[in-house]
Amino acid sequence: MTSARLPYEPDPVIEAYKKDVDRTLLRENLKLTPTQRLDKLSSLQSFAAELRRAGKAARAAQQS
Amino acid sequence: MLVGSGVELILIGGVAGFAHGSARLTQDIDFVYRRNEENLMRLAEALKPHHPYLRGAPPGLPFKFDAETLKRGLNFTLTSDLGDIDLLGEVTGGGTYEDLAPQCEKLDVYGQPVLCLTLPLLIATKRAAGRPKDFEAIAELEALEEERRATGDL
């Protein structure tokens, strides 16, 4: 994990953001194949769309 | 769908990151497309049935998605029945399809070979773009690269 092996210089701003990265999510994703990862993305997108729809419906109900 | 139609594309952006193991949810799919005559025609034919339209533009504009339109433009941000699609003729820090293709890796996605930016190249292009909104994404991709190096996966 030494930055000396990386093909670019570490950027202090990026390094600061990196501290907050949840690496447990990355480690779980790395156990999957690319197809499985994209299936996961598709499921998350569908769920996000459903939440968006539900939020819109709730706001409309509040206004009426 | 596009790959199955023989369209020459490179998967970049958030979905490419996700394919590599990123956990960031993304709304659109970004491709770099090859800009030769044949590919412009194939791309137009493959996408046309899915009603591509300029994203954010008012409805009713005389926008015709065909090879000629693709030829006249370069980068297109589109909405379609398949979702939001960005088609890029060129990407900052990476160049054109021809520049990028030799450095890409082939991922097996749903049994189809999909050309995808490698993780280091994805990081390099995001760094080159220099957009503050990408800082978190770059940090996550670099962390991912570190995790993959640590497990000998890169």
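Attention in this report is confined to the structure presented alongside it. (Residues numbered from 1 in each chain as written. Chains lettered and ligands numbered in written order. Predicted model: local features only at pLDDT ≥ 70, side-chain atom pairs only at ≥ 80, totals over all residues.)

Counting residues at the interface gives 23 residues for chain A and 28 residues for chain B. Within the residue set of the side of chain A that touches chain B, elements represented by two or more residues are α1 (12-18), α2 (23-29) and α3 (34-63) of chain A. Residue contributions to the side of chain A that touches chain B peak at 8 residues, all from α3 of chain A. Its residues assigned to classes, the side of chain A that touches chain B shows 15 nonpolar, 3 polar and 5 charged. (Contact = placed C-beta atoms within 7 Å. Helix = DSSP H or I, 4+ residues; strand = E, 2+ residues; numbered from the N terminus. Nonpolar A, V, L, I, M, F, W, Y, C, P; charged D, E, K, R; others polar.)

This part covers unusual backbone geometry. One can expect most non-glycine residues to show negative phi and most peptide bonds to be in trans. All names here are of chain B. Not every positive phi belongs to a glycine, and H51 is a case in point at roughly 50°. Structurally, H51 can be placed in the loop between α2 (37-47) and β3 (53-54). Among the residues examined, H51 registers 12 C-beta atoms within 10 Å and is labelled exposed. (Buried ≥ 20, exposed ≤ 12 C-beta atoms within 10 Å, placed from the backbone.)

Turning our eyes to something else, we now look at the packing of helix α5 (residues 119-129) of chain B against helix α6 (residues 135-150) of chain B. Residues and elements named next belong to chain B. Running from amino to carboxyl end, α5 crosses α6 at an angle of 155°, the nearest separation of the two axes being 10 Å. Judged on the interaxial angle alone, α6 and α5 are roughly antiparallel. Our pair here, α5 against α6, has a crossing hand that is left-handed. Contacts between α5 and α6 pair L119, P120, L122, I123, K126 and R127 from the former with A137, I138, L141, E142, L144, E145 and R148 from the latter. A per-class count over the contact of α5 with α6 returns 8 nonpolar, no polar and 5 charged. (Axes fitted to C-alpha atoms, helices over the stretch in contact; angles between N-to-C directions. Parallel < 35°, antiparallel > 145°, perpendicular 65-115°, else oblique. Left-handed = near helix turned anticlockwise from the far one by under 90°.)

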